[in-house]
Amino acid sequence: MNGARNRIDRGLILLVGPAMVLNLFLIFYHAPVERTMGLVQKIFYFHVPAAWVAFLAFFVVFIASIAYLASRRASYDRLAEASAAVGVLFCTLVLVTGPIWAKPVWGIWWTWDARLTSTLVLWFLYVGYLLLRSYVPDAARRATLSAVLGIVGFLDVPIVYLSIRWWRTQHPSPVFAGGEGSGLDPRMRAAFFFSLAVFTLLFVVLVRLRMRLCEAEGRAEALLDERRRSL
Amino acid sequence: MDGLARVGALLAKDLLLELRTRQGLFSMTLFSILSVLLLAFAFEPTREETRLIAPGLLWIAFAFAGTIGLEHTHAVERDMDGMEGLLLAPMDRGLIYVAKLLAGTLFMYLAELLTLPFFVVFFNVDILPMLPQMLLLNLAGTFGFCAVGTLLVAVTARTRLKGVILPVLLFPVAVPVLLAAVEGTAAIFRGESYAAALKILIAFDVVFASVAFLMFGFVLEE
């Protein structure tokens, strides 16, 4: 059982490593340089897939949280934790690459746009989620409390987005028409979708590895408890 | 009706407790007024531009004070294991949520009312003509803030450091309520219609309170 899982993980890592190198090749050599924005537009191939992975990760936290409360199986809690941790990582990447791209293109680091602002609120939400987990030593209680936050937090996402769009959006629409919109060169599109696939695969690999780490931590904790009791 | 009577009994208990000690409301109001004072130091209070940001300042003070109030309504149960007694009572745990939500909203609302005169004096804003609208909007905003807060304070109370991380969890989740409340208050200050903000705020209240009601039982289980 463990051997099979090891082989799958090893296979996935062997797959995602070269795929990421190929991804870089497609982004920097295959896809043409964008006419008005120039080289900086290459961030697009990292920024948008990272955003996709972040939202996917938080959705997985939501589903895993519901599944945990319904079934009380520890594996769902590990999935939620692993996915939240990887999601925060990618959400951070989004928030870092965004301003780097925005400065030369829009002339400003930050704009109070609904998507930007709600991504920032999202980041705070899930850092809070991880913080909460670190504050609850008891495993079962940690799983239940964080599942509640995982559900409430995710349901909050569309409400946050709407409220910011109604009241705090200061520019009508980005210069760059929504990313993968019309008029994208076929080679650009190929590079973009390949990047999207590679990032998603990377997400799967990282979550799997993180889940194994959580499991090992759980076992170590249980061993420690046993030892304490026997003393 | 049975459920209503139980909520009433729980609420009466919290009110009586507050009436006897007066700790929660007092510290919350004091903190709220103190926040207004600090904000008056931070922003030149008599300048015309400060009027424009006054609704935001007011809600910053309310949100800070509300966090303290929520923490207090839960801390009273922690003190002598009051929560144990509540959990042993044969009733739906959602009712505990409803009672705590009503008590929290009431105390925070009272603290807001007691802060307003100080706000008027410090910032020289005449709120008397718009008082009825403000009272209504504040009630809706306070209810929404407490709807989320009552659930999250129960979550953070069961962590190692008790309420320390409450604001970190509460503020991001409460962003829609605070935004709607600030926008509504700003509309009132400008003399415009606040109906749109109020309606949306009430919708948020319903959504947050229903979700929190459903989740509350999970938080309390041992």
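Residues numbered from 1 in each chain as written. Chains lettered and ligands numbered in written order. Predicted model: local features only at pLDDT ≥ 70, side-chain atom pairs only at ≥ 80, totals over all residues. Heavy atoms only, no water.

**Q** How would you sum up the interface of chain B and chain A? Please name residues and give values.
**A** Contacts between the two partners involve 29 residues from chain B and, on the opposite side, 29 residues from chain A. Taken together, both faces of the contact between chain B and chain A bury some 2700 Å²; the carbon and sulfur share is 79%. At the junction of chain B with chain A, the criterion picks out 0 salt bridges. Elements represented by at least two residues in the side of chain B that touches chain A include exactly α6 (131-157), α7 (166-190) and α8 (195-220) of chain B. It is α7(B) that contributes the most residues to the side of chain B that touches chain A, 10 residues altogether. By residue class, the composition of the side of chain B that touches chain A is 23 nonpolar, 1 polar and 5 charged. (Contact = heavy atoms within 4.5 Å. Buried area = accessible area lost by both parts, 1.4 Å probe. Salt bridge = Lys/Arg side-chain N within 4 Å of Asp/Glu carboxyl O. Helix = DSSP H or I, 4+ residues; strand = E, 2+ residues; numbered from the N terminus. Nonpolar A, V, L, I, M, F, W, Y, C, P; charged D, E, K, R; others polar.)

**Q** Describe the side chain of Glu112(B), and please don't skip the residues or the numbers.
**A** Residue and element names in this part refer to chain B. Structurally, the position occupied by Glu112 is in helix α5 (residues 93-123). Classification of Glu112 as buried rests on a relative accessible area of 1%. A distance of 2.8 Å separates a polar atom in the side chain of Glu112 from a polar atom in the side chain of Thr142. If sequence neighbours within four positions are ignored, Glu112 has contacts with Trp59, Phe62, Asn138 and Thr142. (Buried < 20%, exposed > 50% of the residue type's maximum accessible area, 1.4 Å probe, protein only. Polar contact = N/O pair within 3.5 Å; in protein donor to acceptor, adjacent residues only side chain to side chain.)

**Q** If you had to explain the packing of helix α3 (residues 74-106) of chain A against helix α6 (residues 186-230) of chain A to someone new, which residues and values would you point to?
**A** Residue and element names in this part refer to chain A. Viewed as axis vectors pointing N to C, α3 and α6 meet at an angle of 130°, and their least axial separation amounts to 8 Å. Taken together, α3 and α6 sit at an angle that is classed as oblique. Handedness of the crossing formed by α3 with α6: right-handed. Listed contacts from α6 to Ser75, Arg78, Leu79, Glu81, Ala82, Ser83, Ala85, Val86, Leu89 and Phe90 of α3 are Phe199, Leu202, Phe203, Leu206, Val207, Arg210, Met211, Cys214 and Glu215. Residues of the contact of α3 with α6, tallied by class, amount to 13 nonpolar, 2 polar and 4 charged. (Axes fitted to C-alpha atoms, helices over the stretch in contact; angles between N-to-C directions. Parallel < 35°, antiparallel > 145°, perpendicular 65-115°, else oblique. Left-handed = near helix turned anticlockwise from the far one by under 90°.)

**Q** Describe in detail the packing of helix α2 (residues 44-71) of chain A against α6(A), supporting the description with residues and values.
**A** Residues and elements named next belong to chain A. At a minimum axis separation of 9 Å, α2 and α6 run at an interaxial angle of 40°. For the element pair α2 and α6, the recorded crossing hand is right-handed. Here Phe44, Tyr45, Phe46, Val48, Pro49, Ala50, Trp52, Val53, Leu56, Ala57 and Val60 of α2 come into contact with α6, specifically with Met188, Ala191, Phe192, Ser195, Leu196, Phe199, Thr200 and Phe203. Of the residues assigned to the contact of α2 with α6, the class counts are 17 nonpolar, 2 polar and no charged.

**Q** Describe the pattern of salt bridges, with residues and values.
**A** Residues and elements named next belong to chain A. Enumeration according to the criterion identifies 12 salt bridges over all chains in this entry. Residues Arg208 and Asp9 are paired through a salt bridge, measuring 2.6 Å at the closest nitrogen-oxygen approach. With Arg208 in helix α6 and Asp9 in helix α1 (residues 2-30), this pair connects stretches of sequence that are 199 residues apart. Take Arg208: its relative accessible area is 25%, and that puts it in the partly exposed class.

**Q** Now, about the environment of Val211(B): what can you tell me, with residues and values included?
**A** Among the secondary structure elements, Val211(B) is positioned in helix α8. Considering only alpha carbons, one finds Val211(B) and Leu19(B), 192 residues apart in sequence, at a separation of 31 Å.

**Q** Break down the state of the cysteines for me, citing the residues and quoting the values.
**A** Residues and elements named next belong to chain A. Across all of its chains, the model carries 0 disulfides over all chains by this definition. As a non-bridged cysteine, Cys91 has Cys214 as the owner of its nearest cysteine sulfur, 19 Å distant. Given the relative accessible area of 1%, Cys91 is considered buried. (Disulfide = S-S within 2.5 Å.)

**Q** Describe the confidence of the model for chain A, listing the residues and the values that go with them.
**A** Residues shown with low pLDDT carry predicted positions that ought not to be read at fine detail. All names here are of chain A. Mean pLDDT for chain A: 86, with 93% of residues reaching 70 or above. The secondary structure element of chain A with the lowest average pLDDT is α1, at 87, and the one with the highest is α2, at 93. Within the model, pLDDT remains below 50 along residues 175-181, and this stretch shows 7 contacts once partners closer than five positions in the same chain are excluded. (pLDDT = per-residue confidence, 0-100.)

**Q** If you had to explain the side chain of Ser146(A) to someone new, which residues and values would you point to?
**A** Residue and element names in this part refer to chain A. Mapping Ser146 onto the fold places it in helix α5 (residues 139-167). Here the side chain of Ser146 touches Arg142 through a polar contact of 2.6 Å, landing on its backbone oxygen. Discounting chain neighbours no more than four positions away, the residues touching Ser146 are Ser65, Asp77, Tyr129, Leu132 and Arg133.

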